[in-house]
Structure formats: structure tokens, C-alpha cells
2 protein chains.
Amino acid sequence: LEQENDHELLISIEKYHPAKLGRLLESLPNKYRDDFWSLIPVNCKGEVLLSVHRELRQFLIKKTSEADLLKCLSTLQMDELADIDADLPLPVVSAMVEAMDSQRKERYRTVASFPDNTAGGMMDVDATAVRKDVSLKAVYRYLCKLRKKEGMLPEQLDQLVVVDRNNKVQGTLYLSDLVSMDNSLSVGDVMKNDVPLIDSLQSASQVAQIFEDHDLISAPVVDENNFLLGRITVDDVIDVLKHNSEQRLLASAGLNEELDMFAPVSHISLNRAIWLGTNLITAFVAAWVIGFFEASIEQLVALAVLMPVVASMGGVTGSQTLTVVTRGIARDLVSSANIVSLTLHELKVSFINGILWAAVVFLITILWYDDWQLGGVFALALFVVSLTGTLSGALIPIVLKKLGVDPAIAGGVILTTITDAVGFLIFLGTATYILI
Amino acid sequence: LEQENDHELLISIEKYHPAKLGRLLESLPNKYRDDFWSLIPVNCKGEVLLSVHRELRQFLIKKTSEADLLKCLSTLQMDELADIDADLPLPVVSAMVEAMDSQRKERYRTVASFPDNTAGGMMDVDATAVRKDVSLKAVYRYLCKLRKKEGMLPEQLDQLVVVDRNNKVQGTLYLSDLVSMDNSLSVGDVMKNDVPLIDSLQSASQVAQIFEDHDLISAPVVDENNFLLGRITVDDVIDVLKHNSEQRLLASAGLNEELDMFAPVSHISLNRAIWLGTNLITAFVAAWVIGFFEASIEQLVALAVLMPVVASMGGVTGSQTLTVVTRGIARDLVSSANIVSLTLHELKVSFINGILWAAVVFLITILWYDDWQLGGVFALALFVVSLTGTLSGALIPIVLKKLGVDPAIAGGVILTTITDAVGFLIFLGTATYILI
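Below, the structure is looked at part by part. (Residues numbered from 1 in each chain as written. Chains lettered and ligands numbered in written order. Predicted model: local features only at pLDDT ≥ 70, side-chain atom pairs only at ≥ 80, totals over all residues. Heavy atoms only, no water.)

**Focus: the overall build of chain A**
When its secondary structure is counted, chain A shows 21 helices and 6 strands. Taking 22 Å as the expected radius of gyration for a compact globule of 436 residues, we find that chain A reaches 29 Å, considerably beyond that expectation. With the C-alpha coordinates of chain A rotated into their principal frame, the extents come out at 90 × 55 × 35 Å. When each of the 436 residues of chain A is scored for burial, the buried share is 55%. Restricting the contact set of chain A to residue pairs at least 6 apart, pairs at least 24 apart contribute 63%. Summed over all atoms, the accessible surface of chain A reaches about 18,800 Å², with 57% contributed by carbon and sulfur. (Helix = DSSP H or I, 4+ residues; strand = E, 2+ residues; numbered from the N terminus. Rg over C-alpha atoms; globule rule 2.2 N^0.38 Å. Buried < 20%, exposed > 50% of the residue type's maximum accessible area, 1.4 Å probe, protein only. Contact = heavy atoms within 4.5 Å. Areas by Shrake-Rupley, 256 points an atom, 1.4 Å probe, with all protein chains shown as cover.)

Given below as C-alpha cells:
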């Protein structure tokens, strides 16, 4: 972040890991990025491009000549290329594909044909496969040859895939078995069947769950007939987990996860305006509800003072249930089988807290306004809105999920709209009926 | 979740992975958990205990006899035992330690001496180490012997640690190099130095960042003199990432991440009451501000109708900035070096959106109340509260971080308190001054 001392910077850049350089670029305001990018060595640039957010990536790609881009990209793996090819200029993609040999060309097209958020889009097509009937000794020879040919073995190689002559997966051979068993044994004697095969159409989140449950480092990806297509490694899974976690966090504030902190003001403003506009509509729904009770407020102005408290407590109670249920759905803990039990459980909790805080506000109102009737109405409204909030918090994510909408994005807004409207309606309505 | 058909259930339990069984237990209401737990085979129970939340774990441990517990725990690794030993009855822990041989006893004490959320607490003490001067052939022999002795090699073994005679780490030997190089070479010829050594006192989140940046599967853990203490594997890192992501999500609703969905109602109620009480206080701060303007509201009741809109828009604008900055801090993208640039950038964004939505509410007010002066005051307040929200959203997490408080927990509440109070104050204050 020291933009001054170029010489020192240049020396320290050499030492940094591409992911760290990516984070430094993200943390820099726009005007410094250009210079910083030009200081990064070409052999790092490919991985830096991969590590930054889409918007920044597009900015950096624009600042780089096509010839340089081709050089940067040459260090990337096939699945990594397929992840960012949508951001590259078409001539670069064509030139990149042209430069591949026919086998790699075909592999690249396989990966590029799957959406990014499926197992097919995540996989690396360079799965190393062996046959069941060969000896471990032959496997060693094969690996030595492969290394000489490619210069290195694939990264994160913990197991080889065992296939038959039709490329159908039969099991896997762990390197840790390979190195600790008698090498006159055959692959078939030593191979394991405990690694689940990943279907190429499974979603990235499902893949992450499988990796997590089975503590996998890599797993073979297959088509519907169990033919080997490629492999997924745990580093891709970590990327998915980080991505999902960021997305959930940012979605709850209506933010786009690919948005760059220092993106152009006009761009960020437009992006946020949508969320603010949505919020303005829901706020006016609440205002419209209040509008019906102008006459009551005119007569008893304390209603205007206390009404935001009712709405706020309803919103907070509801958001706690909403968070529990939304997280439960995401972790596959909540389904139609237990949603009724869970909702009842949550209602019991908010019944207790509703009574507690209703009693508290009753006392506060008596102390403040010396009016036990107003206190009673306030307490009743707070109790009812707590239960409403909880019920909404439990049902909204279930309904949204049925509709195919991500509860993390829309859940909070819908909940607040309901608790605000119901809160004002119950409080002002009851007050009008009883007090005025 | 089918609680009826015990026979079918029993058959399907056998097929499930422990992590899946853990999730099933979490999704079951309390009354069914007992029966379900008793159906799980003993050799799975240890890993199930490990996978569930602390509160549920304590419940299950209470339901299990000490003799059975010892059987369950025998399948766990050393670092896994150290993670849950705080929840076990003391006699079980003593019996467990007693049953270990002296080497394992010492290793267990090493792991248990580090806090859970440090590298030392995460590590497995069974790091497999070799010397630099032996040949690859000797490494094979050693691994075969180790396998015969222990029954298996450590899980997720992608590399062996190379140490000198004092147990000081000199590098690592990848299995993929071992299997693809001439086995007359020595370990020193083939070993790599690209794996970062993890300091035993580093925080779990720092370790996760290192693994993520370098795409590691495992890494050696060392003390301050680079002596080998153990190794951390990527499955532990995935657990940390999941844990952090859950915690952030739940903290924003004031929820405890170890809380079980079906924990006793009294327990959950108490846990949530703290958050609701905090919110009640902040809501009354807002009410108190409104209270100063009772006379104005009595004269112009439209103020009561429109004031929640001002507060709400301020809160949403602020929460967007708060989320950007909090995430930036968590990802190490925001520091004192760029917080001023970032705050100015955010203020520009909210300047534009403030003008836009001020204009919109100005028009709506004219249409609704036919009062351009009221519209002007409303628009001005909305504009000012937008900027206030943004400024607070940028500075609150920075200040909280300096104070050592997690911005994810307290940030939202503080922000809302400020935007509500300022929103009501500006709107009602300006209105009183200009309109009344």
C-alpha cells in the first residue's frame, strides 16, 4: 500500500503470493491499480486475474495487451481458464484455443460446456487414470514417464483414478497406498471404493458438501454412465465455500458479490439504487399504514413516539427466526418433515420473550406517560408483533425456497415489510379502538 | 426423518456417513434424538459427536454411559479428541488418557495445551517425518513398516516432513514426487521448500488464509525454533471456514453459533433475550428523540407518517457501507492506509443515491400531501441521513476493530441506533424550525 517507494515495492512484489497480490490490488483505489498491475511479473498475472473479483478482473484485462494476456494465461490450468474465459476478449480466447494441441482443445471445450457452478464447470480435465490389472510397479513407471513428459504431475494429486478400457471408473488408487504396499501387487488388489463419484451436473454446493462430509482431497467426476470426465480438487471446493459465504453475507445487504470496492461511483450507485428503491417502497407501505391513523395520532401523540419501538422489536424477533431457518435450509437441516416442529419451537421462544418484553414496556410506559391503558395497548401490540415476526421468519424462507428464490436475498426485506406493517397496524388500530 | 419405520431406518443408518447422521440428529426435535442416537453404531458415534454443535453434543454425551463413550472415542484422532474433551465427563477423559501409551499421552497433552482456535489446537500430532540424507527407497521401506505397525498411514497424507536430527523442519517431500522420481535419489535432492511452516500460535483464521492462498493439503506446524510439532490438514481448515462463515451470519442476528435448533425453549429464550433487550434500549433511544417533538407532531401529523421512511433509508444506506467495510476488514482489504479513500468513495455513492431518492420522496410528498415545504424538509432529511449512515457504516467497524470488538456482532445495532436517532432528529428538528 505504500505507493511511494517503487523500488522497495518491486522487491516485495516478487516475494508475494499471487492471491496476496490480488488482495492488494483490490484494496487499492482505482488510480493506483494501473501502475501496480504493470509491476507484477507476467508469470504471476494469470493467477492474480483468477483471484480477484470479476469487475476488477475485467478492468485489468482491459489494461493489458492481447499478446501479454496470452502470456499470463499460459500458466493457468484448464478449469481455471474456463472460469475466466467469459471476461477475456474473443481474439485472445481464440488464439488460446488455437495454441492448444487437439487433445487439450477437446478437453477445454468439455469444461467450457458446463456452467461454472456445476461439478463439470469446476473440474480439471487432467485426471490421471490407470488400469486395474497392471502392477504397482507399472504405475510407478507410468508416473515417472508422465512427469518427464509434462514436467510435473497434476497438483493436489492424492489418488489416481482406476478405469476399465472404456474409461468407466472402477475405483481409486491412493498414493499413500501406492507408496506403502508391496509393488508386485496389482492396482485391483490395492484400489479403494470409498471415494464417492461426482456427477458432472451436481451443483457446486452439493460437491462442497460431499467433500466436507468425506474429508476428500480430490474426487473423480463422471457422466451419467460413470465414464471419467475429470477430477475436482479441494482447493476448488474451498473457493466455492468462500464464495457462498461471501454471497450470503453481501446478499443480506443487497450487495453484489462481484462488485469491486473501488469500482466507478456511477456503477456502485446504480447497483445499490435497486436495493434502496425496494426499501423505499416497503417504507412507504409502513407510512401508508400509519396514514390511516392520522386522526388518532393527532389526539394522542404518544402513539407516534412509541410506534417505532413496536415495529423494531417485531423486526428483530422475526430476523432471529429467519436466520435460524435460512441457515437450517442452507445446511439441509430444515425440510417439510420438521418445519412444523421448528416453527412451534420458535413460537414458544417468542411467546416467552414476548411476555417478558411486553411487561418491560408496560412498566416503562407507566413511568413515562403515567397511562396504564396506553401501556397495555403497547404491551399487547409488542406481544402480537413478536409472534407475527416469528411466524413470518419461519415461513418466508420456506415459501421463497419453494418459489426458487434465495431466502438470503429477499427474506429480510419481506420480513421487515410484514413486521412494520403489522406492528403499526396492531398498535395504532388497538389504540384507536380502545383509547380514542 | 421418518420416525416410524425402525427397521428401514436401521438399514439406512448403516449406509450414512457420520456427518450426515450428525445433520439428521440436528434436524430432529429433542424427543426423537434419544432413540435415534441409540440406533447409531458405536464405531460411528465418535465422529457424529464431533460433527454436531456443542449443545447437542453435551446432550448426547449425557445420554451415553461412560463405558460406551470410551468405545465411541477410540475411533477419533488426537486433535479431534482435544476439540471435544471439554464436553466430556472428567472420569472419561482420565480413563481415555490412562489407556494411551506414554508417547500418545504426551502428544495428547501437547495438543490439549493449545487453545482450540490456534494452529496448535487444530494440529494432528502424528506428522510423518523423514531425514534429508536417506534415499527414496529407504522412505518406501519406512512407510511400509509404518503401515504394518499402525494398520494405515495418516489420512490426507500428501507430503512427509523432512527434519534434521533435532527435529527441526528443513522442507517437505511430496508423495507425488516420491512416486515419480528415481528412487536412488535422496530425500534432500527431491524435497521442496515451498510449503509455508505454520507457527503453533497462529490463529485458525490465519491458518485458513495461508491454506487458501497456497492451495495446501497439509502443512507442518512448528514452534518458535522451527521444531516440528505436528501437521494441519485441509479438512480442519474447511471446518474453520464453515465455522467462521456461520458465526458471521448468526452473529448479525445476535445468535450463538453453538446453539442447537431444538435446544430447550428456556435456554434459547434466555440467549435471545439479551439481543432483544439491547434492541429495546436502542429503540427507546429513538423514541426518546421523537418525544422532544411531540408538539410539532401534534400540529403536523404528517411528520409521524413520514418519519419512519427517513430512519429506514438511513439504516439501509448505512448497512450497505457497513457490510462492505466489515467484509473488507475480514478479508484484510481495508486498513488505515485506504480507509479514507474508501470512505470518500462510499460518500460519493451515497451522495448520488441521496440526491436521487430525495428527489423521489419530494415528488411523492407533493402528490400525497400537496405541500412542497414538507416535501423539501423530507428530502433534505433523507439526504442528510444517507450521508450520516454511510459515514457511520465506514467508521463503526474501524473503531470496533481498534477496540477489539467483532464488527459483525455489534456493528448493525450501533449503526441503527445512530441512523434512527439522527434521522428522527434531522427530520423533526428541521420541520419544527421551518414548518411550525
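**Regarding the relation of the copies chain B and chain A**
Placing chain B over chain A gives an RMSD of 0.1 Å and needs a rotation angle of 180 degrees, together with 0.0 Å of translation along the axis. Viewed as a symmetry operation, the transformation between the two copies matches a two-fold axis. In terms of C-alpha distance to the rotation axis, chain B has E298(B) as its closest residue, with the C-alpha 2.5 Å off the axis. Most of the interface of chain B is mirrored in chain A, where 99% of its interface residues are also at the interface. (Least-squares fit on C-alpha atoms with pLDDT ≥ 70 in both.)

**Observations regarding the nonpolar core**
If you look at the biggest cluster of nonpolar residues, it comprises 106 residues, and the most contacted ones within it are I198(A), F211(A), I232(A), I198(B), F211(B) and I232(B). When sequence neighbours within four positions are dropped, the list of residues in contact with I198(B) reads A119(B), V207(B), I210(B), F211(B), A219(B), P220(B), V221(B), V222(B) and I232(B). Membership of the second largest hydrophobic core comes to 83 residues, among which are A283(A), L306(A), F378(A) and A287(B). (Core = buried A, V, L, I, M, F, W, Y, C linked by side-chain atoms within 4.5 Å.)

**What about a nonpolar patch on the surface?**
The grouping of I281(A), V285(A), W288(A), F292(A) and W368(B) at the surface amounts to a nonpolar patch, some 550 Å² of accessible area in total. Structurally, W288(A) can be placed in helix α16 (residues 265–291). (Patch = residues over 30% accessible without salt bridge, like charges linked within 9 Å, V, L, I, M, F, W, Y side chains within 5 Å. Salt bridge = Lys/Arg side-chain N within 4 Å of Asp/Glu carboxyl O.)

**Thoughts on the sheet that holds strand β2 (residues 159–163) of chain B**
Residues and elements named next belong to chain B. The 3 strands are arranged β1-β2-β3 in an open sheet whose pairing can be described as mixed. In this open sheet, the two strands that pair with only one neighbour each are β1 (129–131) and β3 (169–174). The average angle at which neighbouring strand axes cross in this sheet is 40 degrees, direction not considered. Of the strand pairs in this sheet, β2 and β3 are connected by 5 bridges, and their pairing is antiparallel. Its bridge partner being in β3, V163 is matched across the sheet by V169. Across the face of the sheet, helix α11 (residues 136–150) comes into contact with β1, β2 and β3 while running at roughly 145 degrees to β1. (Pairing = 2+ DSSP bridges. Axes fitted to C-alpha atoms, helices over the stretch in contact; angles between N-to-C directions.)

**Thoughts on the pattern of salt bridges**
Scanning all chains against the criterion turns up 28 salt bridges over all chains. R23(A) is paired through a salt bridge with D213(B); the nearest N and O atoms lie 3.0 Å apart. Here R23(A), found in helix α2 (residues 18–27), pairs with D213(B), found in helix α14 (residues 204–214), and the two come from separate chains. Here R23(A) matches D213(B) in class, with each residue buried. K192(B) is the partner of D177(B) in a salt bridge, and the nearest nitrogen-oxygen pair spans 3.0 Å.

**Quick notes on the interface of chain B and chain A**
In this assembly, 108 residues from chain B lie in contact with 107 residues from chain A. Of the roughly 10,300 Å² buried at the junction of chain B and chain A (both faces included), carbon and sulfur atoms supply 67%. Where chain B packs against chain A, one counts 14 salt bridges. We note a salt bridge from R272(A) to E346(B), for which the minimum N-O separation is 2.7 Å. There are 30 residue pairs in polar contact (both at pLDDT 80 or more) connecting chain B and chain A. Of the residues assigned to the side of chain B that touches chain A, the class counts are 63 nonpolar, 25 polar and 20 charged. (Buried area = accessible area lost by both parts, 1.4 Å probe. Polar contact = N/O pair within 3.5 Å; in protein donor to acceptor, adjacent residues only side chain to side chain. Nonpolar A, V, L, I, M, F, W, Y, C, P; charged D, E, K, R; others polar.)

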